[in-house]
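# Per-entry structural report
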Amino acid sequence: MSEQAGPDATIPAPVTADPAGPPKRPGPPPPPTASPGKSVTARTPLQLAMARLRRDKVALAAGVLLILLILVAVCAPLIAKLVGHDPTTNYPDGIDASGLLPVPVTPGPGFLLGADQLGRDVFVRTLYGARISLLVGMVATAIALVVGTTVGLLAGFVGGKTDTVLSRIIDIFLSFPFLVTALTLVALNRDAFGQPRISPILLVMAVISLFTWTFFARLVRGQVLSLREREFVEAARSLGASNFRVMVVDLMPNLVAPLIVYATLQIPLNIVFEATLSYLGVGVRAPTASWGNMLFDAQASGYYQTQPGFLLGPGIALLLTVLAFNLLGDGLRDALDPRSSRTMAKD
Amino acid sequence: MLRFLLRRFGYLVFVLFVIALVSFGLNSIANNNPAALLAPRGASAEAIAQIKANLHLNDPLYLQFWHFLTRGPDIRGTKSGLMQWPPSLGYSFVKQRPVTEVILDKLPATISLALGAMVLWLAIALPIGVLAATKARSLLDRVSTFFALVGLSFPTFLLGLLLLYVFYYQLTTAGFNVFPAGGYVALTTDPLEWAHHLILPWFTLALTEAAIYVRVTRSSMLEVLGEDYIRTARAKGLPERRVVYRHGLRSALTPVVTLAGLDVATLLGGAIVTEQVFGLDGVGRLAVLSVSDGDLPVVVGVTLVAAFFFVFINVLVDLVYALLDARVRVD
Amino acid sequence: MTSPSLDKSTPAAGTSSSGGEPILRLSGVTKNFPMRSGVFGRTTGSVSAVAGVDFELRKGETLGLVGESGCGKSTLARLIMGLLPVSAGSVEFEGQDITKLSRSGMRPLRREMQMIFQDPYGSLNPRRRVGSIIGDPFAIHKIADGEDRVRRVKELMELVGLNPEHYNRFPADFSGGQRQRIGVARALALRPKLLVCDEPVSALDVSIQAQVINLLDDLQDELGLSYIFIAHDLSVVRHVSDRVAVMYLGKVVELGTAERLYTEPRHPYTNALLSAVPLADPDRAAQRKRLVLVGDVPSPVNPPSGCRFHPRCPKAQEKCAAEVPTLDSGEGVALDPDDLAACHFPVLPGEDLTQARSALTGVQATPEAVFGAIGSNPGSGDPTNRDSTNGDSTNSGARA
């Protein structure tokens, strides 16, 4: 509405501001003579989104919770020292053998969340479990993000046969019953003596990213397919930009927002994935503490019935972590891209 | 249309073939010797080697795969291969039974679990989703959205464990012996006990799934209610109930039903986690146990059955879409 | 289709001041888009989007390119820019055939020829700052970076009438006209000799259109640019062009100086197009008879034989269906060597097309009250009625 009259405007344009129309944010430019030399920096869409996010109290609370969680995970050894228990030692005073069978002590002083079936401190193990969950969840998501984005960019942008082949591969990956296949893959990690060949943590990360990169690839491919029809891509080509440059300089900035949202929502899924594998006995193994294998121990030993801290400690930690990521992701999505919607499935 | 059918069928076969190949390949790498399992206790090394040769285990992998597809290993004269009729998934050396038989044994439990849970989660989610959509931004909407998010964040096995703790352990210690700890009773044996044993597993699956369906129903319903023909129906003066349930819900259901189809397809391949938590002898638990037993033919079999359900229902959904909606391109 | 008669040596009357040396020469430029279908994507046919276009653009000249939506104007622009490969023919830029060049071979030429896009919203990346968008050409061709690039970008912004302080803003912070200025600044960054403007103003408000057109006009004088100016707004094209080419179904049907083409159109299709231009003077508008051409624009998948316009042409004869007319100055009716029409039976000055009746199909253009025509096409000079009911009744009529 308020087109700035340039020096060339020989035909006087009727520059009457439409009173009904909303004023342009942040104000149309004053004539070029005003405040020379001082340049105006617009906030990036990302900064605007962060400003919106700061007004979202729920997402903010989730973010704070996650920061605390990361702090706790990082400081786990320190806290363990303060408590005086380390995560893998079997403490005799954790076991109360007053009855016929030894029973782990219930929550109280000394053992904040009680002990597990071997007399290990559930509280300390829960803290250490946070390390595994966050590490696996984030690293696996990062790997999937990088692989998926690369494949999606190639499929969507190069198109043609490349797209056909890559899309078929994605389809097939999605058709795999991933939990069974993940079980198989993890089961293969056994040498003749039943010992793992590579670190189970690394393997779990690899397996999780193997089955989740496709989500990123599909997202990116879809976005790129619509983006590449936009004229700015043609404009870049007409300037002589290479394919690589178009992908990195022109397409990537438009992918950042959906990828941030997607990754934030994928992390909790991957945390659950890790916990599930560990619960099924094929993920992270004892004595390394993971929320999944702690919950497995709680059920397998049957002690969760008499020592509820055994179940509730890792259980609530897992639930809160996943919930916090989901809340943050929802908030991010609303802040970054208010229109999108998402569906997902689990089990 | 025929062409479309053929294409989709070809796709189905292709995907299954690739999955069979990968899964067979992975399992062949594993470190085990079925011949040793099959041989009588204390058999000599030569005898085991002989059995191994009889099972074609010394053949190159591609030949073994070919055998798997066409005729299966010659065990007790059974000619059993994936491409024979009835299709066979091989022979379990650990269980000393054909894999197909083993899986068919476990399928009723899984089907009972999956279908029952689906009925339950749709019964929970549809009314809530529709209400939340018609009263968008109301208190009810906010509350349901929040609970959906919590449900979404609940790992299935954690919810199962908590349900067990509260409804089995706490109730039982309080003297109300309402729910069993787990296990499966066949429908044909005792329908009441069947349902009794499945209630907690059903709720475990249904509650986590319902969260997703509340969201999907709500957003789909909101979208439909924003359409022009809904406005037209309102402008005609139709009662709001009729507008929402007759005109709105019907089209809003399409994505919900699609999703339900795909989810059930996934579950039919084994609701691994739920079955494991409640000790239900279904296909999923079979897979877990077979993996730890090193019973690889069964693992390959379950993988294939699961993939088959998934791809088949996918194709079916496409087909129904194409039939219902002429706008979907059939090429 | 060939056009041997283009007189290349003598600068013609009506061309711009800086001589008649061609900067761009198109000969037989053709583009067919394959249509694929079936399981394996077999080619089952093709869409003939551009079917043998010949013309040249002289240094400092503006050549207008008009035609209905779908006549191949925009495809032609992309062929000239090398954004699409040609199916046949050649595009010579300063004597060098660019259709055979590889992508990297094309890169140095990108500095010489640039394009301005139709949609000022779509052609700017919404996630990048204006400064870096305009600076793109410098980055891609590794011409300037750091402080130097910033300085040059600010100069460009000033040149096109933007406030250089807005260097760090995003496209969303600008109005449509300002965005088109950003597009112009980007196109000018490398000081090109040729600018292909693909409907540069059709997405803008009428008041803003004048500003952008005047900007382009001033820049032409200042920088000695040559323009190919594509539009479907005939009055805009008349205002900016030295010469105008009219396209129909992928072919140039008439080419001539703007003055002559608008006053004495020779091709029946040009007549039809021009009769749809709204006239500012209501008296003249009332006098004007308007014609409705029969039928739709034929599908480019299966174009008519001979002259592509013949099924709808009120002057069509046997010859029109059999022989492809060449784009030439015709026999005895040439007013100027630059005035070319691809028609076997060009319209003579003063001829009333409403009286004509096709000998071939019996097609007769129906006269229609001009009010209806104007009412159906309010405000815009778009001769292509987008409304399908009133549709391609692209009206023909004698001029007042």
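Reading guide: rules and limits
- Position numbers for residues count from 1 along each chain, tracking the sequence in the order it is written.
- Written order decides the labels, with chains lettered from A and ligands numbered from 1.
- Residue-level local features of this predicted model are given only where pLDDT is at least 70; pairs of side-chain atoms are given and counted only at 80 or more, and the full residue set underlies all totals for whole chains, interfaces and linings.
- We count a stretch as a helix when DSSP gives it H or I for four or more residues in a row; a strand needs E for two or more, and each element gets its number in order from the N terminus.
- Buried, partly exposed and exposed are defined by the number of other C-beta atoms within 10 Å of a residue's own C-beta, namely 20 or more, between the two limits, and 12 or fewer respectively, with C-beta atoms placed from the backbone.
- Any pair of residues counts as being in contact when their C-beta atoms, constructed from backbone geometry, are within 7 Å of one another.
- A pair of strands is treated as paired once DSSP finds two or more bridges between them.
- An automatic or database domain assignment supplies the residue ranges for each domain.
- Axis lines are fitted through C-alpha atoms, for helices just across the contact stretch, and the angle between N-to-C directions can take any value from 0 to 180 degrees.
- The labels follow the angle: roughly parallel below 35 degrees, roughly antiparallel above 145, roughly perpendicular from 65 to 115, and oblique for the rest.
- Polar here means any residue other than Ala, Val, Leu, Ile, Met, Phe, Trp, Tyr, Cys and Pro, which are nonpolar, and Asp, Glu, Lys and Arg, which are charged; Gly is therefore polar.
- By definition, turning the near helix anticlockwise from the far helix through less than a right angle yields a left-handed crossing, and turning it clockwise yields a right-handed one.
- Here pLDDT means the predictor's own confidence in every residue, given as a number from 0 to 100.
- Residues enter a nonpolar core if they are buried, belong to Ala, Val, Leu, Ile, Met, Phe, Trp, Tyr or Cys, and are joined to the set through C-beta atoms within 7 Å.

## Looking at the overall build of chain C
Helix and strand counts for chain C come out as 12 helices and 13 strands. Evaluated residue by residue, chain C yields a buried proportion of 52% over its 400 residues. The long-range fraction of contacts in chain C, counting pairs at least 24 apart against all pairs at least 6 apart in sequence, stands at 70%.

## Some remarks on the overall build of chain B
Of the regular secondary structure elements, chain B holds 13 helices and two strands. When each of the 331 residues of chain B is scored for burial, the buried share is 39%. When contacts within chain B are restricted to residue pairs at least 6 apart in sequence, long-range pairs at least 24 apart make up 64% of them.

## Brief notes about the pairing of strand β4 (residues 88-93) of chain C
All names here are of chain C. Taken together, the two bridges between β4 and strand β5 (residues 96-97) define a ladder with antiparallel strand orientation. Following the sheet pairing, Glu92 is matched in β5 by Asp97. Connecting β4 to the antiparallel partner β5 that follows it, the hairpin turn spans two residues, and Glu94 within it adopts a positive phi of roughly 50°.

## Focus: the domain arrangement of chain C
Residue and element names in this part refer to chain C. Split into domains, chain C comes out as domain 1 (20-33 + 47-112 + 192-263), domain 2 (127-188) and domain 3 (266-332 + 351-375). Here domain 1 and domain 2 have C-alpha centroids that lie 24 Å from each other. Listed per partner, the contact involves 11 residues of domain 1 and 10 residues of domain 2. The greatest single-element share of the side of domain 1 that touches domain 2, amounting to five residues, is contributed by helix α6 (residues 206-223).

## Details of the environment of Met115 of chain C
Residues and elements named next belong to chain C. Take Met115: it is sitting in strand β6 (residues 113-116). Met115 gets classed as buried once you count the C-beta atoms within 10 Å, which come to 28. Placed 46 residues apart in sequence, Met115 and Ser69 show a C-alpha to C-alpha distance of 19 Å.

## Some details on the packing of helix α3 (residues 130-140) of chain C against helix α5 (residues 176-188) of chain C
Packed helices, taken two at a time, are described by their axes: the angle between them and the distance between them. Residue and element names in this part refer to chain C. Taken N-terminus to C-terminus, the directions of α3 and α5 make an angle of 30°; their axes are 7 Å apart at the nearest point. Taken together, the axes of α3 and α5 lie roughly parallel to each other. Residues Val130, Ile133, Ile134, Asp136 and Pro137 of α3 touch α5, and the partners they reach there are Ile182, Ala185 and Arg186. Residues of the contact of α3 with α5, tallied by class, amount to six nonpolar, no polar and two charged.

## A few points about the packing of helix α4 (residues 122-158) of chain A against helix α9 (residues 243-279) of chain A
All names here are of chain A. Relative to each other, α4 and α9 sit at 140°, their axes nearing to 8 Å. With respect to α9, the axis of α4 lies oblique. Relative to α9, the crossing made by α4 is right-handed. On α9, the residues that touch Ser133, Val136, Gly137, Met138, Ala140, Thr141, Ala144, Leu145, Thr149, Leu153 and Phe157 of α4 are Met247, Leu251, Leu259, Ala263, Gln266, Ile267, Asn270, Ile271, Glu274 and Ala275. Each residue belonging to the contact of α4 with α9 can be placed in one class, and the counts come to 14 nonpolar, six polar and one charged.

## Comments concerning the interface of chain A and chain B
With 42 residues of chain A at the contact, the number on the chain B side is 48 residues. Of all the secondary-structure elements, those providing two or more residues to the side of chain A that touches chain B are α5 (160-175), α6 (178-188), α9, α10 (291-301) and α11 (308-336) of chain A. With nine residues, α11 of chain A is the largest single contributor of residues to the side of chain A that touches chain B. Residue composition of the side of chain A that touches chain B, by class: 26 nonpolar, 11 polar and five charged.

## Some details on the domain arrangement of chain B
Residues and elements named next belong to chain B. For chain B, the assigned domains are domain 1 (2-96) and domain 2 (101-324). Relative to domain 2, the C-alpha centre of domain 1 lies at a distance of 34 Å. At the junction of the two partners, domain 1 supplies 18 residues and domain 2 supplies 21 residues. Sorting the residues of the side of domain 1 that touches domain 2 by element identifies α1 (2-29) and β1 (91-92) as the ones contributing at least two each. In terms of residue count, α1 provides more of the side of domain 1 that touches domain 2 than any other element does, 10 residues in total.

## Points about the confidence of the model for chain C
Residues and elements named next belong to chain C. With 77% of its residues at a pLDDT of 70 or more, chain C shows a mean pLDDT of 78. Here residues 1-19 is modelled with pLDDT under 50, and outside its nearest four sequence neighbours on either side it reaches 46 contacts, counting other chains as well. The ipTM, which scores confidence in the relative placement of chains, is 0.85 for this predicted complex, and the corresponding pTM is 0.80.

## Some points on the nonpolar core
Counting residues in each nonpolar core, the largest one holds 274 residues, and the members touching the most others are Leu183 of chain A together with Ala185 and Ile228 of chain C. Here the element with the most residues in this core is α9 of chain A; it accounts for 18 residues. Apart from the residues within four sequence positions on either side, Leu183 of chain A is in contact with Leu280 and Val282 of chain A together with Ala287, Val288 and Val291 of chain B.

## Thoughts on the environment of Phe309 of chain B
Residues and elements named next belong to chain B. When you line up the elements, Phe309 lands in helix α13 (residues 296-324). Among the residues examined, Phe309 registers 21 C-beta atoms within 10 Å and is labelled buried. Put simply, Phe309 and Ala265 are 44 residues apart on the chain and 5.3 Å apart in space, counted from C-alpha to C-alpha. Phe309 has contacts with Ala265, Leu268 and Gly269, leaving out every residue within four places of it along the chain.

## Quick notes on helix α1 (residues 73-80) of chain C
For α1 of chain C, the buried fraction is high: seven of the eight residues fall into the buried class. One or two positions beyond α1 of chain C, positive phi appears at Gly82 of chain C, with a value near 75°.

## Some details on the environment of Arg129 of chain C
Residues and elements named next belong to chain C. Looking at the secondary structure, you find Arg129 in the loop between β6 and α3. Under the C-beta neighbour-count criterion, Arg129 is labelled buried, with 20 such atoms within 10 Å. C-alpha of Arg129 to C-alpha of Gln96: the two residues are 33 residues apart in sequence and 36 Å apart in space. Setting aside anything within four residues of it in sequence, one finds Arg129 in contact with Asn168, Arg169 and Phe170.

## Quick notes on the sheet that holds strand β8 (residues 226-230) of chain C
Residues and elements named next belong to chain C. Ordered in space as β6-β7-β8-β3-β9-β10-β12, the seven strands form an open sheet in which the pairing is mixed. The outermost strands of the open sheet, each flanked by one partner alone, are β6 and β12 (340-341). Pairing analysis gives four bridges linking strand β3 (residues 62-66) to strand β9 (residues 243-248), with the strands arranged parallel. Looking across to β9, one finds that Gly64 is bridged to Val244.

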